[in-house]
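Residue strings, one per chain:
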Amino acid sequence: MNEISGFNLAVRHHPALVAEAETAEDVAEAIAHAASHDLPVAVQATGHGAVEPADGAVLILTSRMRSLTVDPVERTATVGAGCTWAEVVQAAAPFGLAPLCGSASGVGAVGFTLGGGVGPLARTYGFAADHVRALTVVTPDGVVRVADPGSEPDLFWALRGGKGGFGVVTSLTVDLFPLATVWGGGFYYAAADAAAVLRAYAAWAPGLPETLTTSLAFLRLPPLPQLPPPLRGQFVAHLRVAAATPQEALLAPMLGVAEPVLGGVGELPYTQLDRIHNDPTDPMPVIERSTLLRELTPEGVEALLAVAGPSLELPVPVVELRQLGGALAREPKEPNAVGGRDGAFSLLVVGLPGSAPDAVTAAMAPWSTGGSLINFHGSDLATLHRAWPEATRRRLTEIRNQIDPGNLFRIGHAAPR
Ligand SMILES: Cc1cc2nc3c(=O)[nH]c(=O)nc-3n(C[C@H](O)[C@H](O)[C@H](O)COP(=O)(O)OP(=O)(O)OC[C@H]3O[C@@H](n4cnc5c(N)ncnc54)[C@H](O)[C@@H]3O)c2cc1C
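Conventions adopted
Residues numbered from 1 in each chain as written. Predicted model: local features only at pLDDT ≥ 70, side-chain atom pairs only at ≥ 80, totals over all residues. Heavy atoms only, no water. Phe/Tyr/Trp six-rings, centres within 6.5 Å; stacked < 30°, edge-to-face > 60°. Lys NZ or Arg CZ within 6 Å of the ring centre and 35° of its normal. Core = buried A, V, L, I, M, F, W, Y, C linked by side-chain atoms within 4.5 Å. Buried < 20%, exposed > 50% of the residue type's maximum accessible area, 1.4 Å probe, protein only. Helix = DSSP H or I, 4+ residues; strand = E, 2+ residues; numbered from the N terminus. Domains from an automatic or database assignment. Contact = heavy atoms within 4.5 Å. Near = heavy atom within 4 Å. Polar contact = N/O pair within 3.5 Å; in protein donor to acceptor, adjacent residues only side chain to side chain. Nonpolar A, V, L, I, M, F, W, Y, C, P; charged D, E, K, R; others polar. Pairing = 2+ DSSP bridges. Axes fitted to C-alpha atoms, helices over the stretch in contact; angles between N-to-C directions. Buried area = accessible area lost by both parts, 1.4 Å probe. Salt bridge = Lys/Arg side-chain N within 4 Å of Asp/Glu carboxyl O. Expected span 1.5 Å × (residues − 1). Arc of directions from axis to C-beta. 1 Å grid on protein atoms, 1.4 Å probe; cavity = no way out; pocket = protein on both sides within 12 Å on 5 of 7 lines; lining within 4 Å. Points joined across faces, edges and corners; volume = space filled by probe spheres on them.

## Structural notes on the packing of aromatic side chains
For the structure shown, the criterion picks out five aromatic pairs. Each residue in the set Tyr201, Trp204 and Phe345 is aromatic and connected to the rest through ring pairs, giving one cluster. For the cation-ring pair, Arg160 lies above Phe156, with the distance from its terminal atom to the ring centre recorded as 3.7 Å. If you follow Arg395 out to its NZ or CZ, it ends over the ring of Trp157, 4.1 Å from the centre.

Below you can see the structure in the form of structure tokens.
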């Protein structure tokens, strides 16, 4: 592995040039080089969201742009393009503050937030992009711009949820929340109980208040020695719950369904938020597909069990439902380009190379809104338009046409033109 191979090992870049940027000026120089040689530009921080090889492109690596300041009075963090969420969480924790990070803190804070960003507490606080105060971006013309509610209104709207295609964000300022701790955890259930757990989850989750955020995943775990024996090489259903304050009583309907093989809930320092989802931390080759469900009916549950349940041997390590709704369904005070506010659940299917994750999303089409969350959309680039409602996508395209007339930023998750 080298510096240009990211988290998703299935995407291998063969760029014309790699620019390891340290400053906005480095970024502008790399963009100018690309423009003068008629090459596309690709951006990478951690590679967690690599979906298309940056072949023949100028690949701008942001991993050296690690400036990070916390303002405990304003309750904000200003985060360089190369920072992971783990760094932001660590920097904010001494002040009893925390950012709206995702389930795995190794993910890049900027890439995550540009794509909306759904964290373990998302139903309570909304998308990470709903809490961005300002962004500094080098646009495709090489100009460094600050986008905030008072300047560059189109860019400010588009960068919060529109993801790629508008330039290279060198830093952003996000709200921090007074969350020294979080309440939550996960329960792992054996394959024999997975169907009952999914059926109970589908009946339970829609009635929950937005103080609780939940997720249920079917995991086909590898036989790795570092996994505890009940999980090693096993199919398990993993129920995850998270909240700002203890919500034990809400769990009662799930606790009687089956005896977990492992897990529990409790209060955790926010710095240990990763323990709730326990996402993989080692790079692996994957193909991701995703769709938004408007509801999870009993028929939908049986369809999901038929295509991805424990009786099947599939090279699909993760089939994950994340419950949406609550604050995720509401436009923020400063409207933005985040799509998928109408979904009840996000379904993410993570397959190994050679697998057919599309089979799972296709089976759930009768319950789908037709949309997806851009951060989970994966490499199905022909259907990228699904990640935004029609009017949002049209405005994103108009802004892209203005800001990037040469279509330099066409690689990966950029709003279609
Ligand atoms: C294990 C794992 C857990 C995850 N958990 C969550 C989760 O809880 N919630 C969620 O919403 N998503 C989650 N994701 C998805 C993740 O948010 C996206 O893949 C995101 O794009 C990763 O950003 P990155 O910068 O780390 O990745 P990269 O691959 O480095 O970047 C991905 C894309 O982001 C854009 N980008 C990144 N940096 C910049 C920049 N400085 N300027 C302009 N564009 C930029 C580019 O389009 C780039 O191609 C997860 C992914 C993984 C693999």
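The discussion continues.
## Considering the nonpolar core
In globular proteins that are soluble, nonpolar side chains generally tend to be buried together. The biggest cluster of nonpolar side chains holds 52 residues, and the ones touching the most others in it are Leu135, Leu159, Phe166, Tyr270 and Leu396. When residues in this core are grouped by element, the largest group, five residues, is from helix α5 (residues 153-159). Two domains share this core, each providing at least three of its residues, namely domain 2 (68-178) and domain 3 (182-386). With residues up to four places along the chain from it excluded, the contact list for Leu135 reads Leu114, Arg145, Val146, Ala147, Phe156, Leu159, Arg160, Val169, Ser171 and Leu172.

## So, the site of the ligand
Near the ligand, the surroundings consist of 30 residues, among which Ala45, Thr46, Gly108, Val118 and Lys163 are the closest. Within the contact set of the ligand, an oxygen atom lies 3.4 Å away from a backbone nitrogen or oxygen of His48. In this structure, an oxygen atom belonging to the ligand sits 3.2 Å away from a main-chain N or O atom of Ala50. Listing elements by their share of the shell around the ligand, those giving two or more residues are β2 (41-44), α3 (109-114) and β8 (168-175). The element contributing the most residues to the shell around the ligand is α3, with four residues. Across the shell around the ligand, the residue classes tally to 14 nonpolar, 13 polar and three charged.

## Quick notes on the sheet that holds strand β5 (residues 76-80)
Taken in spatial order, the five strands of this open sheet run β4-β5-β8-β6-β7, and their pairing is antiparallel. Taken across any chain shown, the strands that pair with only one partner, and hence form the sheet edges, are β4 (68-71) and β7 (144-147). In this sheet, neighbouring strand axes are inclined to one another by 10° on average, regardless of whether the strands run parallel or antiparallel. Both strand β6 (residues 132-138) and β7 contribute to a ladder of four bridges, which runs antiparallel.

## A look at the domain arrangement of the protein chain
Along its sequence, the protein chain is organised into domain 1 (2-61), domain 2 (68-178) and domain 3 (182-386). Contacts between the two partners involve nine residues from domain 1, matched on the other side by 12 residues from domain 2. Taken over both partners, the interface formed by domain 1 and domain 2 buries close to 790 Å², and the fraction arising from carbon and sulfur atoms is 81%. The largest contributions to the domain 1 side of the interface with domain 2 come from Ala24, Ile31 and His48, which together make up 43% of the buried area. For the interface between domain 1 and domain 2, the tally reads zero salt bridges. For the pair domain 1 and domain 2, the interface holds zero residue pairs in polar contact (both at pLDDT 80 or more). A total of four residues in the side of domain 1 that touches domain 2 trace back to one element, the largest contributor, which is helix α1 (residues 24-36). Along the lines of polarity and charge, the residues of the side of domain 1 that touches domain 2 split into seven nonpolar, two polar and no charged.

## Observations regarding unusual backbone geometry
Despite not being glycine, Lys163 shows a phi value in the positive range, around 60°. Tracing the backbone shows Lys163 in the loop between α5 and β8.

## Quick notes on helix α11 (residues 390-403)
Between the first and last C-alpha of α11 there are 20 Å, a value that for 14 residues agrees with the 20 Å anticipated at 1.5 Å per step. Listing the buried residues of α11 in full gives Thr392, Arg393, Leu396, Thr397, Ile399, Arg400 and Ile403. Projected down its long axis, α11 shows its buried positions confined to an angular sector of 165°, all on one face. Those residues of α11 that are exposed and aimed more than 90 degrees away from the buried face are Ala391 and Gln402.

## Some remarks on the pattern of salt bridges
Counted under the stated rule, the structure contains 17 salt bridges. Its salt-bridge partner being Glu20, residue Arg64 comes within 2.6 Å of it at the nearest N-O pair. Residue Arg64 is found in the loop between β3 (58-61) and β4, and its partner Glu20 is found in strand β1 (residues 17-20); the two are separated by 44 residues along the sequence. Judged by its relative accessible area of 43%, Arg64 falls in the partly exposed class. Between Arg240 and Glu320 there is a salt bridge whose closest N-O contact spans 2.9 Å. Of this pair, Arg240 sits in strand β11 (residues 235-243) while Glu320 sits in strand β14 (residues 318-323), and the two are 80 residues apart along the sequence.

## Points about the environment of Thr281
When you line up the elements, Thr281 lands in the loop between α8 (274-277) and β13 (287-293). For the pair Thr281 and Thr78, spaced 203 residues apart in sequence, the C-alpha to C-alpha distance is 25 Å.

## So, the side chain of Asp130
Here Asp130 lies in the loop between α4 (122-125) and β6. Residue contacts for Asp130: discarding those within four places in its chain leaves Arg330, Pro332, Asn336, Val338 and Arg341.

## Concerning the pairing of β6
Of all seven residues making up β6, five are buried, and the element is well covered by its neighbours. Bridge count between β6 and β8: six bridges; the pairing is antiparallel. Counted as the bridge partner of Thr136 is Ser171 from β8. Between β6 and β7, which pair antiparallel in sequence order, lie five residues; one of them, Gly142, sits at a positive phi of approximately 85°.

## A short note on the layout of surface pockets
As a volume, the second largest pocket reaches approximately 200 Å³. In terms of lining, the second largest pocket is formed by 14 residues, of which the most central are Gly185, Gly186, Gly264, Arg275 and Asn278. When residues of the lining of the second largest pocket are traced back to their parent elements, those giving at least two are β9 (181-190), β12 (262-269) and α8. Tallying contributions element by element places β12 first for the lining of the second largest pocket, with six residues. For the lining of the second largest pocket, the per-class residue count stands at five nonpolar, eight polar and one charged.

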